[in-house]
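# Observations on the model geometry
Chain by chain, the residues run as shown.
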Amino acid sequence: MASETFTVAIKLQTGQNPTTFNSAYNSPHTNFQETLLELQEIITSVRDESIIIGADLNGHHTMWVYRDIDSRGERIFEFHLAKTLFIANSPDAPSAFERGIFKGWPDLTISSQGIISKFVKWQELSHDPTDNHSVARK
């Protein structure tokens, strides 16, 4: 479907209606606005279809377990509300990122309303001590 600087999207026929799967990454050191614009373009292009976004956007918000809210996290939160999207992350999920005493939950699963009911509680599959990120499953 599309591949941009910070996002990749594919569309699969799932049952009667297609579902768009989108992956997005944004380093904490790069322009965040461009990533949001790419996501907005994809969401606009699929309008009434189901969409699932798996994203590591490096934003802090209490909605996805962080103890604080940073400006990037607030923009992600406002974006999902404005686009009528739902965050599937569980508030009791284990951290996906650990470095020393710091823990983080930068990986988000965001979806449209039509598919959110298909999600169940996500959990960590395994933890590789040489990698700072964990693998999640539903």
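Going by an unreviewed UniProt entry, the protein chain carries the name Endonuclease/exonuclease/phosphatase domain-containing protein and comes from Araneus ventricosus.

Further remarks concern the overall build of the protein chain. A count of helices and strands for the protein chain gives 3 helices and 10 strands. For the protein chain, the N- to C-terminal ordering of α and β elements is β-β-β-α-β-α-β-β-β-β-α-β-β. Per-residue burial for the protein chain yields a buried fraction of 40% across its 138 residues. Working note: accessible area of the protein chain is about 8,300 Å², and carbon and sulfur atoms make up 53% of it.

Let us look at the nonpolar core. Judged by nonpolar contacts, the single largest core of 21 residues is most densely connected at Ile51, Ile53, Trp64 and Leu85. When residues in this core are grouped by element, the largest group, 6 residues, is from helix H1 (residues 32-46). For Ile53, the residues in contact, after removing those within four places along its chain, are Asn22, Leu39, Ile43, Leu85, Leu108, Thr109 and Ile110.

By secondary structure assignment, the location of Ser27 is in the loop between strand E3 (17-25) and H1. Classification of Ser27 by relative accessible area gives buried; the value is 16%. Those residues in contact with Ser27 that lie beyond four places of it in its chain are Asn58 and Arg72.

So, how was this worked out
- Residues numbered from 1 in each chain as written.
- Predicted model: local features only at pLDDT ≥ 70, side-chain atom pairs only at ≥ 80, totals over all residues.
- Heavy atoms only, no water.
- Helix = DSSP H or I, 4+ residues; strand = E, 2+ residues; numbered from the N terminus.
- Buried < 20%, exposed > 50% of the residue type's maximum accessible area, 1.4 Å probe, protein only.
- Areas by Shrake-Rupley, 256 points an atom, 1.4 Å probe, with all protein chains shown as cover.
- Core = buried A, V, L, I, M, F, W, Y, C linked by side-chain atoms within 4.5 Å.
- Contact = heavy atoms within 4.5 Å.

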